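Here's the letter readout for the chains.
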Amino acid sequence: MAPTLLVARQAAAAPAVDLAANAWTMASTTLVLIMVPGLGYFYSGLSHHKNALVFLHLCMLSLAIVIVQWFLWGFSLSFDPEGGAFIGRGKYLGLTNIGQGE
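Now for a look at the structure at hand. The structure presented is a predicted model; accordingly, all values stated were derived computationally and were not measured.

**Examining the packing of aromatic side chains**
Working step 1: All told, the structure shown has 4 aromatic pairs when counted by the stated rule.
Working step 2: Ring centres 5.9 Å apart and planes at 55° place the aromatic pair Phe-75 and Tyr-92 in the tilted group. Residue Phe-75 is located in helix H3 (residues 52-79), and its partner Tyr-92 is located in the segment after H3; the two are separated by 17 residues in the primary sequence.
Working step 3: Aromatic rings pair up to connect Phe-42, Tyr-43 and Phe-55 into one cluster.

**A few points about H3**
Working step 1: Given a rise of 1.5 Å per residue, 28 residues ought to cover 40 Å, and the 38 Å separating the end C-alpha atoms of H3 matches this to within 8%.
Working step 2: By the largest-angle criterion, Trp-70 marks the main kink of H3, which is about 55°.
Working step 3: Of the residues making up H3, those classed as buried are Leu-56, Cys-59, Leu-63, Gly-74 and Ser-76.
Working step 4: Those residues of H3 that are buried are in contact with helix H2 (19-46).

**Describing the layout of surface pockets**
Working step 1: Within this model, the largest pocket holds a volume of roughly 630 Å³.
Working step 2: Lining the largest pocket are 18 residues, with Thr-25, Thr-29, Trp-70, Phe-75 and Phe-79 sitting closest to its centre.
Working step 3: Broken down by element, the residue count for the lining of the largest pocket peaks at 8 residues, all from H3.
Working step 4: Looking at the lining of the largest pocket residue by residue, the class counts come to 13 nonpolar, 5 polar and no charged.

**Some thoughts on a nonpolar patch on the surface**
Working step 1: On the surface, Leu-33, Ile-67, Trp-70, Phe-71, Phe-79, Leu-95 and Ile-98 cluster together into a nonpolar patch covering about 630 Å² of accessible area.
Working step 2: Here the element with the most residues in the nonpolar patch is H3; it accounts for 4 residues.
Working step 3: With respect to the helices and strands, Leu-95 occurs in the segment after H3.

**Quick notes on the side chain of Ser-44**
Working step 1: Relative to the helices and strands, Ser-44 resides in helix H2.
Working step 2: With a relative accessible area of 9%, Ser-44 lands in the buried category.
Working step 3: Among the polar contacts made by the side chain of Ser-44, one reaches the main-chain carbonyl oxygen of Gly-40 at a distance of 2.7 Å.
Working step 4: If we skip the residues at most four places from it in the chain, Ser-44 touches Ala-52, Phe-55 and Leu-56.

Reading the values: the criteria
Residues numbered from 1 in each chain as written. Predicted model: local features only at pLDDT ≥ 70, side-chain atom pairs only at ≥ 80, totals over all residues. Heavy atoms only, no water. Phe/Tyr/Trp six-rings, centres within 6.5 Å; stacked < 30°, edge-to-face > 60°. Helix = DSSP H or I, 4+ residues; strand = E, 2+ residues; numbered from the N terminus. Expected span 1.5 Å × (residues − 1). Bend = angle between axes of the 7 residues up to and from the residue. Buried < 20%, exposed > 50% of the residue type's maximum accessible area, 1.4 Å probe, protein only. Contact = heavy atoms within 4.5 Å. 1 Å grid on protein atoms, 1.4 Å probe; cavity = no way out; pocket = protein on both sides within 12 Å on 5 of 7 lines; lining within 4 Å. Points joined across faces, edges and corners; volume = space filled by probe spheres on them. Nonpolar A, V, L, I, M, F, W, Y, C, P; charged D, E, K, R; others polar. Patch = residues over 30% accessible without salt bridge, like charges linked within 9 Å, V, L, I, M, F, W, Y side chains within 5 Å. Areas by Shrake-Rupley, 256 points an atom, 1.4 Å probe, with all protein chains shown as cover. Salt bridge = Lys/Arg side-chain N within 4 Å of Asp/Glu carboxyl O. Polar contact = N/O pair within 3.5 Å; in protein donor to acceptor, adjacent residues only side chain to side chain.

Here it is, written out as structure tokens:
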């Protein structure tokens, strides 16, 4: 097969980017990132003043743990096209194989 035909077939098979879904995902992520420190301030207000900084640190630590989990296996479980109906099979663990030909 000629190289130009192969490139044309690969370009035609590429999925289209859904801009609305990307915008909604970014807006939701922004709202959650704003909410986490607010949650820390809320819990700090419910505790004694000497424990306020501890609650802020715990909320930020939980955000950091969730971000690491998302990059390691969360993306793969959510967006693997070859997985089951509700959960992926781990094709993109650690964000590998993203953007490569299917």
